[in-house]
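Here are the chains, one letter per residue:
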Amino acid sequence: MSAQPVQFAKIVSMPFDENTFIIWRPGRNDCVVIDPGMQPSAIVAALAERQLSPSAILCTHGHVDHIAGNGPLKAKWPACPLVIGKGDAHKLLDPMANLSGLYGFDFTSPPADQVLAEGEVYEAAGLEFRVIDTPGHSAGHVTFLLTEGDQTHCISGDVIFQGSVGRTDFPDGDFEALREAIHSKIFRLPESTIIYPGHGPTTTVGAEKKGNPFVGAPAGYVVA
Ligand SMILES: [Zn+2]
């Protein structure tokens with residue numbers, strides 16, 4: 001294991017302030033890109049600046065603001081696999097399901113090269129991501145967990161944000177499912193776990209347990 005901690009870079013795409021994360025091990029030239037957003041040229045520039053090439057594109061879910069960069073990245077790195085949870089793979093190819101149709105433009109992504117299910121471990125660029133199902137915002141939403149020593153990193157897409165949670169008013173949204181996924185999975189991670197959400201700043205499991213008004217102590221959650 002590398003002595004230096006794993007590195008994260010965040011690229012924010014307009015107009016939805018969507019976070020793309022580039023994750024890599026210091027000293028290596030390969031990386032993983034999670035949720036390529038609507039400004040892929042900024043993602044490509046961030047990769048070039050760090051002399052990194054993606055060896056996998058991971059998507060937490062199939063909404064357009066999280067998948068819009070898939071095509072441009074696949075065009076530049078055709079051998080790089082596109083990977084998403086099995087329950088959201090169809091959204092890549094369906095403008096109504098990926099919500100682009102609702103916003104008045106029909107967008108489709110390249111298809112998934114591989115789909116993931118709860119409990120699987122996906123390995124790329126010397127990194128191991130544990131996959132957990134976290135439905136509620138999108139039925140096939142997955143969250144990626146990366147543990148290095150005693151630090152866990154949780155790349156949570158649109159499940160939980162600093163002081164908020166993902167919208168559940170889309171056709172396959174379900175607030176009860178979202179709350180259950182957060183309580184039974186995310187909140188059972190160590191309090192020091194860093195949450196990298198799909199929108200807004202990073203936070204921690206401990207901070208959201210104590211302060212999140214939708215799923216934390218203010219909403220009746222009993223902090224263990
Ligand atoms: Zn979403």
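Structure's up top.
Residues numbered from 1 in each chain as written. Predicted model: local features only at pLDDT ≥ 70, side-chain atom pairs only at ≥ 80, totals over all residues. Heavy atoms only, no water.

## A word on the overall build of the chain
Basically, it comes down to this: Under the DSSP-based scheme used, a helix requires at least four consecutive residues in state H or I and a strand at least two consecutive residues in state E, with every element numbered from the N terminus. Only C-alpha atoms enter the radius of gyration; for comparison, a globular chain is expected to reach 2.2 Å times N to the power 0.38, where N is the number of residues. Residue exposure (1.4 Å probe, protein chains only): buried if accessible area is under 20% of the type maximum, exposed if over 50%, otherwise partly exposed. Contact between two residues is taken to exist if any of their heavy atoms lie within 4.5 Å; hydrogens are not considered. For the area figures, the Shrake-Rupley method with a 1.4 Å probe applies, and any residue is considered shielded solely by the protein chains shown. Counted as positive: Lys and Arg. Counted as negative: Asp and Glu, with His and the chain ends omitted from the count. Each charge is placed at NZ for Lys, CZ for Arg, CG for Asp and CD for Glu.
A tally of regular secondary structure across the chain gives five helices and 14 strands. For the chain, whose C-alpha radius of gyration is 16 Å, the value lies close to the compact-globule estimate of 17 Å for 224 residues. If one aligns the C-alpha atoms of the chain with their principal axes, the spans along those axes are about 50 × 45 × 30 Å. Considering the chain as a whole, with its 224 residues, one finds that 51% of them fall into the buried category. The long-range share in the chain, meaning contacts at least 24 apart out of those at least 6 apart in sequence, stands at 57%. When the accessible surface of the chain is split by element, carbon and sulfur atoms take 54% of a total near 9200 Å². Charge-centre separation for the chain: the mean point of 15 positive side chains lies 4 Å from the mean point of 25 negative side chains.

## Quick look at the coordination of the zinc ion
So the rule is basically this: Metal sites are built from N, O and S donor atoms within 2.8 Å, or 3.2 Å for Na, K and Ca, and they leave out water, so they may look incomplete. Square planar and octahedral sites, with four and six donors, are those where opposite donors lie more than 155 degrees apart and all other angles lie between 65 and 115, tetrahedral sites have four donors with every angle between 85 and 135 degrees, and the rest are irregular.
Looking at the zinc ion, the protein donor atoms are His-61 (NE2), His-63 (ND1), His-137 (NE2) and Asp-158 (OD), and they sit 2.1 to 2.5 Å from it. Seen from the zinc ion, its four donor atoms lie at angles of 88 to 175 degrees, and the figure they make is irregular. Between the donor residues of the zinc ion, the gaps in sequence give the motif H-x1-H-x73-H-x20-D. Here His-137 lies in the loop between β8 (127-133) and β9 (142-148) and His-61 lies in the loop between β4 (53-59) and α2 (64-67), a separation of 76 residues in the sequence.

## Some details on the pattern of salt bridges
To keep things clear, this is the line we draw: The working definition used for a salt bridge is a side-chain nitrogen of Lys or Arg within 4 Å of a carboxyl oxygen of Asp or Glu.
A complete count under the given rule lists ten salt bridges for this structure. One salt bridge connects Lys-74 with Asp-113, and the closest N-O pair in it is separated by 2.7 Å. With a gap of 39 residues between them, Lys-74 in helix α3 (residues 70-76) and Asp-113 in the loop between β5 (82-85) and β6 (114-116) connect regions that are remote in the sequence. The residue Lys-91 makes a salt bridge to Asp-172 at a minimum N-O spacing of 2.5 Å. Residue Lys-91 is found in the loop between β5 and β6, and its partner Asp-172 is found in the loop between β12 (164-165) and α4 (175-184); the two are separated by 81 residues along the sequence. Its relative accessible area of 3% is what places Lys-91 among the buried residues. Ionic contacts of the salt-bridge type, sharing partners, join the residues Asp-88, Lys-91 and Asp-172 into one network.

## Here we look at the pairing of β8
Applicable threshold: Two strands make a pair as long as DSSP finds a minimum of two bridges between them.
Pairing between strand β7 (residues 121-124) and β8: four bridges, direction antiparallel. From the neighbouring strand, Ala-124 faces β8, where its bridge partner is Leu-127.

## Here we look at the nonpolar core
Looking at soluble globular proteins, one finds that nonpolar side chains tend to be buried together. Counted only if it meets this: Definition used in this section: a nonpolar core is a set of buried Ala, Val, Leu, Ile, Met, Phe, Trp, Tyr and Cys residues joined via side-chain atoms within 4.5 Å.
The biggest cluster of nonpolar side chains holds 23 residues, and the ones touching the most others in it are Ile-22, Cys-31, Val-33 and Leu-47. Where this core is concerned, the elements lending two or more residues are β1 (7-13), β2 (18-24), β3 (30-34), α1 (40-49), β4, α2 and β5. Sort the elements by how many residues they give to this core and α1 lands first, with three residues. When sequence neighbours within four positions are dropped, the list of residues in contact with Cys-31 reads Ile-22, Ile-23, Trp-24, Leu-47, Leu-52, Ser-53, Pro-54, Ser-55, Ala-56 and Ala-125. The next biggest cluster of nonpolar side chains, apart from the first, holds 20 residues, and it includes Val-83, Leu-127, Phe-129 and Tyr-196.

## Some remarks on the environment of Lys-86
Residue position: Lys-86 is located in the loop between β5 and β6. Along the sequence, Lys-86 and Asn-19 sit 67 residues apart, while their C-alpha atoms lie 22 Å from each other.

Keep in mind these values describe shape, not function.
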